[in-house]
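Descriptive structure summary
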Amino acid sequence: MSKQSKIFILITATLIVLSGCENKVSSNPQIQIIEVGVITLQEQPIPLQQELSGRVKAKLVSQVRPQIGGIITKQLFTEGSFVKEGEILYQIDSASYQASFFQAKASLESAKVDAKNAKTKSQRYEELLKFDGTSKQEAEDAKAIYLQAEALVEEKKASLESAKIDLERTNIKAPISGYISISSVTKGALISANQTEALATIRDTSSVYVDVSQSNTQLLALRKLLSQKNIQKGNTEVSLTLSDGSIYEHKGELQLQEIAVDENTGSVTLRALFPNEKGILLPGMFVKATVQGAIDTKAFLLPQQAVSRDAKANPIITLLKEDNSIIKQMITIERAIGNRWLVSAGINNNDKIIIEGLNKINEKSKVNPIDVSSKYIENK
């Protein structure tokens, strides 16, 4: 073999060795560090709310009914309008009641004259008795007649007052201020004091009640919750969601809770009072009320995107360790509050939870944490 051939073989062998070394190095690359977004949670007081169904009721409701009988001669209101307390709504034919009033008035005047004469006679007999000008019996009889005449005057006064009241009742007035319904009668209708049908209904809706139903199960769960550590009773504030999904602009105040469970529905009624100056809430309207039943004074609210599920559908979070490695942690979720989970176990104060880049890492990954708390945690 020539010298040149030996050199060629040596060079070829060297290249093969170097190529093998290069492949060996490339098969062991350095561990890649992945950038992830991290949030740090702190426990905070969280209101535990209940959403309950309810209906609007007028604070004051009054049915307009006649207190005397007669023919309606006038209707003095516009149906559906606002009427003031004391405003005349209907007028009943008053001729017969006017006559009764004048008759009672005349009877009273006659009784007063008779009483005056009886008083004068009684006084005269008293003077005569002093000089034995009459018998004691006659004087006593004269006094008795006078007293009877005075009593008759009082009776006639009462009759006159009664006739006056009936005459005034020919003007049927609004018992409360509010919006009046459609009238059930018209001019010319015959009405009576004992009729079952109301002439109209007035509802005061300047402020309204909202009656909501809380099931017996919900009530028991709330009482059980309030017995737990760190749980306090909520406030009386109530908010409303209307049937179109909008939020009513004013907050209401919880007034009372029924003391018994309804046997038919198995629920307890809660009543809240709401201002309603604009008349948006109408009696009978269906609404949803949000009631703050309790407050968890040491709770964690975790963005939902930070939670994944294992093979058994258990909620899992990914925690950042001090050496920038990661570990999976199972948590306990109580409920959803908006787009967050209320977590009762599995998280501690100052835990760093990975929320961005979860799909790029596994339990062997090393990460470069970037604090993104300002994006996901509301400032309280």
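These numbers were taken from a predicted model, which means no experiment stands behind them.

Reading guide: rules and limits
Residues numbered from 1 in each chain as written. Predicted model: local features only at pLDDT ≥ 70, side-chain atom pairs only at ≥ 80, totals over all residues. Heavy atoms only, no water. Helix = DSSP H or I, 4+ residues; strand = E, 2+ residues; numbered from the N terminus. Buried < 20%, exposed > 50% of the residue type's maximum accessible area, 1.4 Å probe, protein only. Contact = heavy atoms within 4.5 Å. Pairing = 2+ DSSP bridges. Phe/Tyr/Trp six-rings, centres within 6.5 Å; stacked < 30°, edge-to-face > 60°. Axes fitted to C-alpha atoms, helices over the stretch in contact; angles between N-to-C directions. Parallel < 35°, antiparallel > 145°, perpendicular 65-115°, else oblique. Left-handed = near helix turned anticlockwise from the far one by under 90°. Nonpolar A, V, L, I, M, F, W, Y, C, P; charged D, E, K, R; others polar. Salt bridge = Lys/Arg side-chain N within 4 Å of Asp/Glu carboxyl O. Core = buried A, V, L, I, M, F, W, Y, C linked by side-chain atoms within 4.5 Å. Expected span 1.5 Å × (residues − 1). Patch = residues over 30% accessible without salt bridge, like charges linked within 9 Å, V, L, I, M, F, W, Y side chains within 5 Å. Areas by Shrake-Rupley, 256 points an atom, 1.4 Å probe, with all protein chains shown as cover. Lys, Arg positive; Asp, Glu negative; His and termini not counted. Charge placed at Lys NZ, Arg CZ, Asp CG, Glu CD.

1. Regarding the overall build of the protein
Secondary structure summary: the protein contains five helices and 21 strands in total. Here the protein, with 380 residues, has 33% of them falling under the buried criterion. Contacts in the protein between residues at least 24 apart in sequence constitute 76% of all its contacts with a sequence separation of at least 6.

2. Here we look at the sheet that holds strand β6 (residues 171–173)
Strand order in the open sheet made by the four strands is β6-β5-β3-β8, with antiparallel pairing throughout. The two strands at the open ends of the sheet, each matched to only one other strand, are β6 and β8 (190–191). The pairing of strand β3 (residues 70–75) with β8 spans two bridges and is classified as antiparallel. From the neighbouring strand, Ile-71 faces β8, where its bridge partner is Leu-190.

3. Side note on the packing of aromatic side chains
Within the structure shown, the criterion is met by four aromatic pairs. Ring centres 5.8 Å apart and planes at 55° place the aromatic pair Phe-101 and Phe-102 in the tilted group. The class of Phe-101 is buried, set by a relative accessible area of 17%. Their ring planes at 65° and their centres at 6.2 Å tell us that Tyr-248 and Phe-274 sit as a pair that is edge-to-face. With Tyr-248 in the loop between β11 (237–241) and β12 (252–257) and Phe-274 in strand β13 (residues 267–275), this residue pair connects regions lying 26 residues apart in the sequence. Given the relative accessible area of 6%, Tyr-248 is considered buried. When its relative accessible area of 1% is taken as the criterion, Phe-274 is described as buried.

4. Some remarks on the packing of helix α2 (residues 95–130) against helix α3 (residues 136–168)
Their axes nearest at 7 Å, the elements α2 and α3 cross at an angle of 165°. Looking at the two axes, α2 sits roughly antiparallel to α3. For the element pair α2 and α3, the recorded crossing hand is left-handed. Broken down by class, the residue content of the contact of α2 with α3 amounts to 19 nonpolar, five polar and 14 charged.

5. Comments concerning the pattern of salt bridges
Throughout the structure, instances matching the rule amount to five salt bridges. Between Asp-211 and Arg-271 there is a salt bridge; the shortest N-O distance is 2.7 Å. Pair noted here: Asp-211 is in strand β9 (residues 200–215) and Arg-271 is in strand β13, with a separation of 60 residues, a long-range link. Residue Asp-211 is classed as buried on the basis of its relative accessible area of 12%. Taken together, the salt bridges that share partners define one network made up of Lys-57, Asp-211 and Arg-271.

6. Points about the nonpolar core
Counting residues in each nonpolar core, the largest one holds 31 residues, and the members touching the most others are Leu-89, Tyr-90 and Ile-202. The set of elements that each furnish at least two residues to this core consists of β5 (88–92), α2, α3 and β9. Of the residues forming this core, the biggest block, seven residues, is contributed by α2.

7. Comments concerning the side chain of Gln-50
For Gln-50, the position within the fold is in strand β2 (residues 44–64). The buried category is assigned to Gln-50, whose relative accessible area is 16%. What Gln-50 contacts, discounting residues up to four positions off in sequence, is Gln-214, Gln-218, Ala-289, Thr-290 and Val-291.

8. Overview of unusual backbone geometry
A positive phi is found at Ala-313, a non-glycine position, where the angle reads about 70°. For Ala-313, the position within the fold is in the loop between β15 (308–309) and β16 (315–320). The backbone phi angle of Asn-324 is positive, close to 65°, even though this residue is not glycine. On the secondary structure map, Asn-324 appears in the loop between β16 and β17 (326–330).

9. A look at α2
Here α2 is 36 residues long and its end C-alpha atoms lie 53 Å apart, about the 52 Å a rise of 1.5 Å per residue gives. Asp-132 sits one or two positions beyond α2 and adopts a positive phi of about 55°.

10. As for the environment of Glu-277
Note that Glu-277 resides in the loop between β13 and β14 (286–303). Owing to a relative accessible area of 62%, Glu-277 belongs among the exposed residues under this scheme. Along the backbone, Glu-277 and Ser-206 are 71 residues apart, and their C-alpha atoms lie at a distance of 5.1 Å.

11. Focus on a negative patch on the surface
There is a patch of like negative charges on the surface, built from Glu-126, Glu-138, Glu-140 and Asp-141. Ranked by residues supplied to the negative patch, first place goes to α3 with three residues. Looking at the element boundaries, Glu-140 is found in helix α3. Glu-140 gets classed as partly exposed once you look at its relative accessible area, which sits at 43%.

12. Describing the environment of Asn-216
Within the secondary structure, Asn-216 is located in helix α4 (residues 216–226). Apart from residues lying up to four places away in sequence, Asn-216 is in contact with Val-261, Gly-266 and Ser-267.

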